[in-house]
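Below are the chains, spelled out letter by letter.
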Amino acid sequence: MWRRLKNLLISVSTYADLSPDLRIRQRVRRLLRERSHLSPQEWYTTHWQPLRICPALSDFLFSQLAQQTQLEIGRVLPSDRLVADLALPLICWFDWEMTFAEAFYHQFGVDLGEGFSIDPFETIEEWVLFLHRQIPLAEQASMEIR
C-alpha cells in the first residue's frame, strides 16, 4: 500500500516536469494572435511553395505542429525561432521530438534517428529545409501534385 502511494506521489511530481508549460503556451498564443491566420493550403502557398518544399511535408508539419503545440500553425512564420519565439521545448510534452520523428518515419519512410532534436535549428525555415532534404527526391517528385 505504501509503495503504491509513494509511486503515485512520484508520478504527480514528475508530471509537472514532463508536461507543457501552459502559461508559456498562452504567451506564445497571444504573440501569434496578432498575425493573420492561414489555412494549410495558404500556409503552403505563402511560405513553402516559393522554397520548393513538397506540399505533403507542409501538410504534415501543419498537422503535427498543431497537435504537438496546440498552437494555430497558420499564424507561424518561417522566420519564427523554434525556442526563442515559439518555446517548443516548453510548450510541448517532453517526448514530442521522439513522437514527431516517429510520425515522420510513418509518413515519409525516413528515420530521423533515435536522438532527433530541434537543437541544431534556429528557425522554422531551417528545420523545414532540413526535413525536406531528408525525403528522397523520387518521393518528393511524387508528392508535388497539389
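Residues numbered from 1 in each chain as written. Predicted model: local features only at pLDDT ≥ 70, side-chain atom pairs only at ≥ 80, totals over all residues. Heavy atoms only, no water.

(A) Representation of the overall build of the protein within the structure. For the protein, the helix and strand inventory stands at 8 helices and 0 strands. Taking all 146 residues of the protein together, 41% fall into the buried category. Counting contacts in the protein only where the partners sit at least 6 residues apart, residues at least 24 apart contribute 71% of the total. Counting every atom, the protein has about 9,000 Å² of accessible surface; 55% of that belongs to carbon and sulfur. (Helix = DSSP H or I, 4+ residues; strand = E, 2+ residues; numbered from the N terminus. Buried < 20%, exposed > 50% of the residue type's maximum accessible area, 1.4 Å probe, protein only. Contact = heavy atoms within 4.5 Å. Areas by Shrake-Rupley, 256 points an atom, 1.4 Å probe, with all protein chains shown as cover.)

(B) The nonpolar core, seen in detail. One finds Leu57, Leu61, Phe100, Phe104, Ile124, Trp127 and Leu131 to be the most contacted residues of the largest nonpolar core, which totals 40 residues. Mapped onto this core, the elements with two or more residues apiece are helix H2 (22-33), helix H3 (40-48), helix H4 (55-69), helix H5 (88-91), helix H6 (96-108) and helix H7 (124-134). Of the residues forming this core, the biggest block, 6 residues, is contributed by H6. In this structure, Phe104 is in contact with Leu57, Phe60, Gly109, Val110, Leu112, Leu131, Gln134 and Ile135, ignoring residues within four places of it in sequence. (Core = buried A, V, L, I, M, F, W, Y, C linked by side-chain atoms within 4.5 Å.)

(C) Focus on empty space enclosed by the protein. Under the defined criterion, the tally for this structure stands at 1 cavity of 30 Å³ or more. Taken as a whole, the largest cavity spans an internal volume of roughly 40 Å³. Lining the largest cavity are Leu65, Thr69, Leu71, Ile73, Val76, Leu86, Leu88 and Ile124. (1 Å grid on protein atoms, 1.4 Å probe; cavity = no way out; pocket = protein on both sides within 12 Å on 5 of 7 lines; lining within 4 Å. Points joined across faces, edges and corners; volume = space filled by probe spheres on them.)

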